[in-house]
Amino acid sequence: MNTLKFITAGNVDDGKSTLIGRLLYDSNSIHTDQLGVLEKRKSNKNEEIDLSLITDGLRAEREQGITIDVAYKYFSTAKRKFIIADAPGHEQYTRNMITGASNSELIIILVDARKGVTSQTKRHASIGSLMGIKKAIIAINKIDLVDYSQDVFETIKSSFQDIQDQLNYDEVTFIPVSALVGDNIVEKSSKIPWYNGETLLYQLENISIESDKKLPARFQVQWVIRPKDEAHHDYRGYAGQILSGTYHVGESVVVYPANIESKIVKIERHLEEVQQAEAGENVVVHLEHDIDISRGDTIVKISEEPQRSNELKAWICWLDNNAIQQGKTYVLQHRFHSVRAKIKRIVQQWDINNFEFIPSDEIKLNDIGQVELKTNQPLFFDSFKENIKTGNAILIDETTKNTVAALMFY
């Protein structure tokens, strides 16, 4: 059973938390003890459960009436497992949405049927597209508050299609829903006879997502295992997760940054030897030659080598309260490998609302732009568009140790 990772986004009060709560509630994915807590919060027995509380786990969120961080929820059906990231709607929490979108394969963008496509709708659509998400569901919510109007639905659909050509989604689905009462979430609604499509859950269960197994093979060493005891005197294994692609025993590989060729002689998974391993699996790889390999080194197939450079171009989302400093050196953390990187130049800034670049020599909190960096050592990476797993990194301030930026290489 495969897993679909998706993010929800929309304006404040568009019903993101309620939609996720309805999805979990109607698919019987809420634990009995959690339901008991929600029942106790009702003011009377006839009152409906507040489904938004299922995702709003922080007291501060409920007091303010908004979601201020990315809340993750997990559930499964007979067809698929799901990981949901509920992103905040406010513009000042763009960094939170970037975090949630970075590992998502699909985005659900909620649109209030009474308000239509807004600047925030465009912002969220733009961020999802920028982060490499290829599948989008436009959930036109609160359709019950406009008397289930087909004209309203078609108008909003047309408005979004006007901007769709400027985005990089390869599949966009429009669904009229009411998260509050459950129309078209898990079951088809009899109140919307003009809608011939499927429910939201059906789309989530059946949408096709490209597998990481088809990408170039990428394995970064997390831990070098050298027991040095009598039972494992000559044992030398390299542990980590296969980020993408597949590896087979007997394949020729090259180890970076040493740039030394070798061959895979053994793969262990859960203490058992296997002939092959694929994306997402945690394994221990053994090579034919004794090579000085450290944490963060990369093992790839000779025929599938990544980019190698210390001159980098990247999209950047700034996460820190202090603005970026051109010429300053930061720590660039590329999964388990770190190098020092200097901001050579701020190239331009991305106007999320208007889908265009604007000249800028400054990037502040929640801004997205393009920068050029120079590292003190070569980095081995892929473009974010080609391989999300190895096409991203973070910047860390050497003084404060704060994570100040998310990077997407291009």
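On a predicted model such as this, the values are computed, not experimentally measured, just so you know. Sequence order as written defines residue numbering, which begins from 1 separately in each chain. Only residues with pLDDT of at least 70 get local features here, since the model is predicted, and only at 80 or more are side-chain atom pairs given and counted; chain-wide, interface and lining totals rely on the full set of residues. As a rule here, side-chain values cover all heavy atoms of the structure and leave hydrogens and water aside.

Remarks on the overall build of the chain
Line of reasoning, step 1. Summing up its helical and strand segments, the chain has seven helices and 23 strands in all.
Line of reasoning, step 2. When checking whether two residues touch, look at their non-hydrogen atoms; a contact exists if any pair is within 4.5 Å. Taking as baseline every contact in the chain between residues at least 6 positions apart, the subset at least 24 positions apart corresponds to 70%.
Line of reasoning, step 3. As presented, the chain carries roughly 19600 Å² of accessible surface, and 43% of it is formed by carbon and sulfur atoms. Think of it this way: any DSSP run of H or I at least four residues long counts as a helix, any run of E at least two long counts as a strand, and we number them from the N terminus. Using a 1.4 Å probe, accessible areas were evaluated by the Shrake-Rupley method; residue-level cover was limited to the displayed protein chains.

Here we look at the pattern of salt bridges
Line of reasoning, step 1. By definition, a salt bridge exists where a carboxyl oxygen of Asp or Glu is found within 4 Å of a side-chain nitrogen of Lys or Arg. Taken as a whole, this structure holds 17 salt bridges when the rule is applied.
Line of reasoning, step 2. A salt bridge links aspartate 290 to arginine 236, with the nearest nitrogen and oxygen atoms 3.5 Å apart. Of the two residues, aspartate 290 is situated in the loop between strand S15 (282-287) and strand S16 (298-301) and arginine 236 in the loop between strand S8 (223-225) and strand S9 (237-244); the sequence distance between them amounts to 54 residues.
Line of reasoning, step 3. Salt-bridge contacts for glutamate 281 lead to arginine 269; the nearest nitrogen and oxygen are separated by 3.1 Å. Separated by twelve residues along the polypeptide, glutamate 281 in the loop between strand S14 (276-278) and S15 and arginine 269 in strand S12 (residues 260-269) bring together distant segments of the chain.
Line of reasoning, step 4. One salt-bridge network, in which partners are shared between bridges, spans Asp112, Arg114 and Lys142.

Quick word on the packing of aromatic side chains
Aromatic ring pairs: the centre-centre distance and the angle between the two ring planes describe each pair.
Line of reasoning, step 1. Each pair of aromatic rings taken from Phe, Tyr and Trp, with Trp reduced to its six-membered ring, is defined by centres within 6.5 Å and is described as stacked if the planes are under 30 degrees apart, edge-to-face if over 60, and tilted in the remaining cases. Scanning the entire structure with this criterion turns up twelve aromatic pairs.
Line of reasoning, step 2. Summarising the aromatic geometry, the rings of tryptophan 315 and phenylalanine 357 are spaced 5.7 Å apart at their centres and angled 25° between planes, so their arrangement reads as stacked. Note that tryptophan 315 is positioned in strand S17 (residues 307-318) and phenylalanine 357 in strand S20 (residues 356-358), a separation of 42 residues in sequence.
Line of reasoning, step 3. For the ring pair tryptophan 318 and tyrosine 330, a centre distance of 5.9 Å and an interplane angle of 75° mean the geometry is edge-to-face. Of the two residues, tryptophan 318 is situated in strand S17 and tyrosine 330 in strand S18 (residues 329-334); the sequence distance between them amounts to twelve residues.
Line of reasoning, step 4. Only protein chains enter the accessibility calculation, which uses a 1.4 Å probe; a residue whose area is less than 20% of its type maximum is buried, one above 50% is exposed, and one in between is partly exposed. The class of tyrosine 330 is buried, set by a relative accessible area of 1%.

A word on empty space enclosed by the protein
Line of reasoning, step 1. Buried and open spaces are told apart on a 1 Å grid over the protein atoms alone, a cavity being a set of points where a 1.4 Å probe fits but cannot get out and a pocket being an open set with protein on both sides within 12 Å along at least five of seven lines. Residues with an atom within 4 Å of a point are the lining residues. Grid points are joined across faces, edges and corners, and a volume is the space filled by probe spheres set on the points. Evaluated as defined, the whole model comprises three cavities of 30 Å³ or more.
Line of reasoning, step 2. Reported here for the largest cavity is a volume of approximately 60 Å³.
Line of reasoning, step 3. Forming the boundary of the largest cavity are Arg218, Phe219, Gln220, Leu243, Thr298, Pro306, His334, Arg335, Phe380, Phe381, Asp382 and Thr390.
Line of reasoning, step 4. Listed by contribution, the elements that provide at least two residues to the lining of the largest cavity are strand S7 (218-220) and strand S21 (368-381).
Line of reasoning, step 5. Here the bounds of each domain stem from an automatic or database domain assignment. Split by domain, the lining of the largest cavity shows at least three residues from each of two domains, domain 2 (218-301) and domain 3 (307-409).
Line of reasoning, step 6. The computed volume of the second largest cavity comes to approximately 40 Å³.
Line of reasoning, step 7. If you go around the second largest cavity, the residues you meet are Gln220, Tyr256, Pro257, Gly296, Asp297, Thr298, His334, His337 and Phe380.
Line of reasoning, step 8. Structurally, the lining of the second largest cavity is a two-domain feature, drawing no fewer than three residues from each of domain 2 (218-301) and domain 3 (307-409).

Observations regarding unusual backbone geometry
Line of reasoning, step 1. At the junction of tyrosine 256 and proline 257, the peptide bond is cis and its omega measures out at 15° in the coordinates.
Line of reasoning, step 2. Non-glycine residue asparagine 259 carries a positive phi angle of around 60°.
Line of reasoning, step 3. With respect to the element layout, asparagine 259 can be found in the loop between strand S11 (252-256) and S12.
Line of reasoning, step 4. The exposure class of asparagine 259 is exposed, given its relative accessible area of 52%.
Line of reasoning, step 5. One non-glycine residue, histidine 270, lies in positive phi territory at about 55°.

Regarding the pairing of S16
Line of reasoning, step 1. Here S16 shows no split at all, with Thr298 and Val300 on one side and Ile299 and Lys301 on the other all buried.
Line of reasoning, step 2. At least two bridges found by DSSP between two strands is the condition for calling them paired. Note: S7 against S16, two bridges, orientation antiparallel. Across the sheet, phenylalanine 219 pairs through a bridge with isoleucine 299, a residue of S16.
Line of reasoning, step 3. Here four bridges tie S11 to S16, and the two strands are oriented antiparallel to one another. Paired with valine 253 across the two strands is lysine 301, which belongs to S16.

Let's talk about the sheet that holds strand S1 (residues 3-10)
Backbone hydrogen bonds hold the strands of a sheet together, and the pairing may be parallel or antiparallel.
Line of reasoning, step 1. Pairing in this open sheet of six strands is mixed, and the strands run S2-S3-S1-S4-S5-S6 from one edge to the other. Of all the strands in the sheet, the pair left with one neighbour each is strand S2 (71-76) and strand S6 (171-176). Pairs of neighbouring strands in the sheet enclose a mean axial angle of 20°, with direction left out of account.
Line of reasoning, step 2. For S1 and strand S4 (residues 106-112), the ladder comprises five bridges, and the chain directions are parallel. Directly across from alanine 9, in S4, lies its bridge partner isoleucine 109.
Line of reasoning, step 3. In the packing of helix H4 (residues 94-101) onto the sheet, contacts are made with S1, S2, strand S3 (81-86) and S4, and the angle to S1 comes to roughly 160°.
Line of reasoning, step 4. Strands in contact with helix H5 (residues 119-130) are S1 and S4; relative to S4, the strand with the most contacts, it is inclined by about 175°. For helices, the fitted line uses only the C-alpha atoms of the stretch in contact; every axis is such a line through C-alpha atoms, and the angle between N-to-C directions lies from 0 to 180 degrees.

Structural notes on the confidence of the model for the chain
Line of reasoning, step 1. Summarising the model, the chain shows a mean pLDDT of 88, and 89% of its residues fall at 70 or more.
Line of reasoning, step 2. Think of pLDDT as the predictor's per-residue confidence, scored from 0 to 100. Confidence over residues 57-68 falls short of pLDDT 50; this stretch has 20 contacts with residues more than four positions distant or in other chains.

As for the pairing of S3
Line of reasoning, step 1. Bridging between S1 and S3 involves six bridges; their strand directions are parallel. By the bridge assignment for S3, phenylalanine 6 is matched with isoleucine 84.
Line of reasoning, step 2. Of the strand pairs in this sheet, S2 and S3 are connected by six bridges, and their pairing is antiparallel. Note on S3: the bridge partner recorded for phenylalanine 75 is phenylalanine 82.

Brief notes about H5
Line of reasoning, step 1. What a helix is expected to span follows from its residue count: subtract one and scale by 1.5 Å. Helix length check: H5, at twelve residues, gives a terminal C-alpha distance of 16 Å against a target of 16 Å (1.5 Å per residue), a fit within 8%.
Line of reasoning, step 2. Within H5, ten of the twelve residues are buried, leaving the element largely enclosed by the surrounding structure.
Line of reasoning, step 3. What H5 keeps buried is the set Gln120, Thr121, Arg123, His124, Ala125, Ser126, Ile127, Gly128, Ser129 and Leu130.
Line of reasoning, step 4. Glycine 132 sits one or two residues past H5 and shows a positive phi near 90°.

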